[in-house]
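An overview of the molecular structure
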Amino acid sequence: MKRPLLLAILLVSFTIFLAATSCKKSPSVVNTSPTLTTTDVILDVTSTSAQSGGTITSLGSLYITANGVCYSSTKQTPTTSDATVIAPVISISYTFTCNLSGLTPSTTYYLRAYASSPNGTAYGSVVKFTTSSTLSSVTGNVTTFAGNATSGYMDGTGVGAQFNNPNGVAVDAQGNIYVSDTFNNRIRKITANGTVTTIAGNGIAGYTDANGVAANAEFYGPQGLTVDAQGNVFVADFGNNVIRKITPAGVISTFAGNTIAGYVDGVATTVAEFFNPAAVAVDAQGNLYVADYNNNMIRKVTSAGVVSTVAGTRTPGYLNATVNTTTGVNAAFHNPAGIVVDATGNIYVADIGNSAIREITPAAVVTTVAGGTVQSALLGYPAGIAIDATGNLFITDESGRIIELTAAKVLYVLAGASNVAGFADGAGTAAQFNAPQGICVDASGNIYVADYNNNRIRKVVIVNNQ
């Protein structure tokens, strides 16, 4: 009689155990939606069409069932219940582009990217754009302003002049163009009629201010340059790790740096150190800003001769941040190659290693206004940057394009084509460049480009500007 009783007790105990364990929750599986960003600019806006897209940064826990853009002229936060353009469905993270058509002229639209999965639909941020009143897109007509295919050194007029890998260009109030003729180690000047002369440098790669005589001075691979309101030319002397100043009277001096490749803030000409400064820009107060290429920083030189760091760290990277002036700088750049300052003190940087245009506000907030590491095809390799009086930015893509980014954050490819290296004058994609570098824009809106490997200075006139 004991065995049946024992079995009964065991059976009851096992039943109680099963009941108890069944009350415990099994680990839940969190199903997440995808995440994505909207392309930060609108491309090639006409009166009835535009282009935009996004980048899917995470698929979530499942897979994508649909992705594209949604837009509306009445709702500031459009959803997929509004007008949509669907991109090809994808199975891995990537950047997609959508072509919008059938838009209404002179109309403001709100747009954002979306991606759907079985867990739901996620949206990127909203961007705004306005269609033009005319049908045409914006393009540029390219001609040769000075120089020819021959790599050499010769003053002259137009194609009679010779350059050796020109890198930086700048324009003064009278419309004269200044050129850093990098491998000639000289600074050249081009008048409005295309006459080229040499204003500084003796052609020897070295470093000397030659007792202030600009014609006898030595440079070492000069790159970016700028002109202030008084007509002084400032040059980023890349190989010498200094900033040079040339007065209208032809007097040259070292404005900042001590030729040592390094990083030190302080008194400009005795203490401060740079590491291959690539570009310079001047603001209305006479402060100079430097794209310190191999320090991955933006530096400032006051008119009183003191160097400080505006943003960046010596370690290359890609990080937007508010600069903390108490504990150090938080933003990161990767070989900043071009720089410009607008009328209100905002700094724009051609961050070539990150394929991005970055903005630094007077409050030291660093953001990306176009491109970035996940949208590298948008800008390619931005090497130079310029700004006009209305806030439109002009960018050289080293891979072969001249780009306009309007103040309304609409992007147009004015001339050239990505990853096409050659030489051809013409309009739009018919034009060809070979590693374009510096860029400037005059008061009339004419654009000048240092066409590095073509040994030419090219002129771009915008057609059908919106």
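Look a little higher up for the structure.
These numbers were taken from a predicted model, which means no experiment stands behind them. (Residues numbered from 1 in each chain as written. Predicted model: local features only at pLDDT ≥ 70, side-chain atom pairs only at ≥ 80, totals over all residues. Heavy atoms only, no water.)

1. Points about the overall build of the protein chain
Tallying secondary structure elements over the protein chain gives two helices and 37 strands in all. By residue count, 53% of the 466 residues in the protein chain fall in the buried class. Put simply, the protein chain shows about 19300 Å² of open surface, and 56% of that area lies on carbon and sulfur atoms. Averaging the locations of the 21 positively and 24 negatively charged side chains of the protein chain gives two centres separated by 16 Å. (Helix = DSSP H or I, 4+ residues; strand = E, 2+ residues; numbered from the N terminus. Buried < 20%, exposed > 50% of the residue type's maximum accessible area, 1.4 Å probe, protein only. Areas by Shrake-Rupley, 256 points an atom, 1.4 Å probe, with all protein chains shown as cover. Lys, Arg positive; Asp, Glu negative; His and termini not counted. Charge placed at Lys NZ, Arg CZ, Asp CG, Glu CD.)

2. Topic: the state of the cysteines
Considering all chains together, one arrives at zero disulfides under this definition. The thiol of C70 is not disulfide-bonded; the next cysteine sulfur, from C98, is found 10 Å away. (Disulfide = S-S within 2.5 Å.)

3. Concerning the sheet that holds strand β29 (residues 365–371)
Strand order in the open sheet made by the five strands is β25-β29-β28-β27-β26, with antiparallel pairing throughout. Each edge of the sheet is formed by a strand with only one pairing partner; in this case those strands are β25 (321–322) and β26 (336–341). As paired strands, strand β28 (residues 356–360) and β29 are joined by five bridges and run antiparallel to one another. The residue of β29 that forms the bridge with A356 is G371. (Pairing = 2+ DSSP bridges.)

4. Points about the pattern of salt bridges
The tally for this structure, following the rule as stated, stands at eleven salt bridges. Residue K75 is joined to D82 by a salt bridge in which the shortest nitrogen-to-oxygen separation is 3.2 Å. A relative accessible area of 32% places K75 in the partly exposed class. The partner of R244 in a salt bridge is D209, with the nearest N and O atoms 2.8 Å apart. (Salt bridge = Lys/Arg side-chain N within 4 Å of Asp/Glu carboxyl O.)

5. Section: unusual backbone geometry
With the exception of glycine, most residues fall at negative phi, and the peptide bonds are largely trans. The backbone phi angle of N211 is positive, close to 55°, even though this residue is not glycine. Mapping N211 onto the fold places it in the loop between β15 (195–200) and β16 (222–227). The phi angle at A364 is positive, at roughly 70°, despite the residue not being glycine. Assignment of secondary structure puts A364 in the loop between β28 and β29.

6. Comments concerning the sheet that holds β15
Overall, antiparallel pairing links the five strands, which are arranged β11-β15-β14-β13-β12 in an open sheet. Two strands close off the open sheet at either side, each with one partner strand: β11 (156–157) and β12 (166–171). In this sheet, β15 lies alongside strand β14 (residues 186–190) in antiparallel orientation, the contact comprising four bridges. Counted as the bridge partner of I190 is V196 from β15.

7. Structural notes on the environment of G168
Tracing the sequence through the fold places G168 in strand β12. With 149 residues separating them along the chain, G168 and G317 place their C-alpha atoms 25 Å apart. Residues in contact with G168, not counting those within four places in the same chain, are Y178, V179, S180, Q223, G224, L225, G438 and A450. (Contact = heavy atoms within 4.5 Å.)

8. Things to note about the side chain of R112
In this fold, R112 is placed in strand β7 (residues 108–117). There is a polar contact of 2.6 Å between the side chain of R112 and the backbone oxygen of P78. Residues in contact with R112, not counting those within four places in the same chain, are T38, G68, V69, C70, T77, P78, T79, Y123, G124, S125 and V126. (Polar contact = N/O pair within 3.5 Å; in protein donor to acceptor, adjacent residues only side chain to side chain.)

9. Comments concerning the nonpolar core
Counting residues in each nonpolar core, the largest one holds 39 residues, and the members touching the most others are F129 and I447. Discounting residues that sit within four places of it in the chain, I447 has contacts with F394, L414, I439, C440, V441, R458, K459, V460 and I462. I298, V310, A331 and I339 belong to the second-largest nonpolar core, a separate cluster that totals 18 residues. (Core = buried A, V, L, I, M, F, W, Y, C linked by side-chain atoms within 4.5 Å.)

10. So, the packing of aromatic side chains
By the definition in use, this model includes six aromatic pairs. Ring centres of Y71 and Y109 lie 6.1 Å apart, and the angle between their planes is 65°; on these two criteria the pair is classed as edge-to-face. Of this pair, Y71 sits in strand β4 (residues 66–72) while Y109 sits in strand β7; the two residues are 38 residues apart in sequence, bridging distant segments of the chain. For the pair Y71 and Y109, a shared accessibility class is recorded, and that class is buried. An aromatic cluster of at least three residues, connected via ring pairs, comprises Y71, Y109 and F129. Seen from the ring of F163, R188 lies directly overhead, with NZ or CZ sitting 4.9 Å from the centre. (Phe/Tyr/Trp six-rings, centres within 6.5 Å; stacked < 30°, edge-to-face > 60°. Lys NZ or Arg CZ within 6 Å of the ring centre and 35° of its normal.)

11. Observations regarding the pairing of strand β9 (residues 127–130)
In β9, alternate side chains face the same way, and those of V127 and F129 are buried while those of K128 and T130 on the opposite face are not. When β7 meets β9, the two strands line up antiparallel, connected through four bridges. Within the sheet, the bridge partner assigned to Y109 lies in β9 and is F129.

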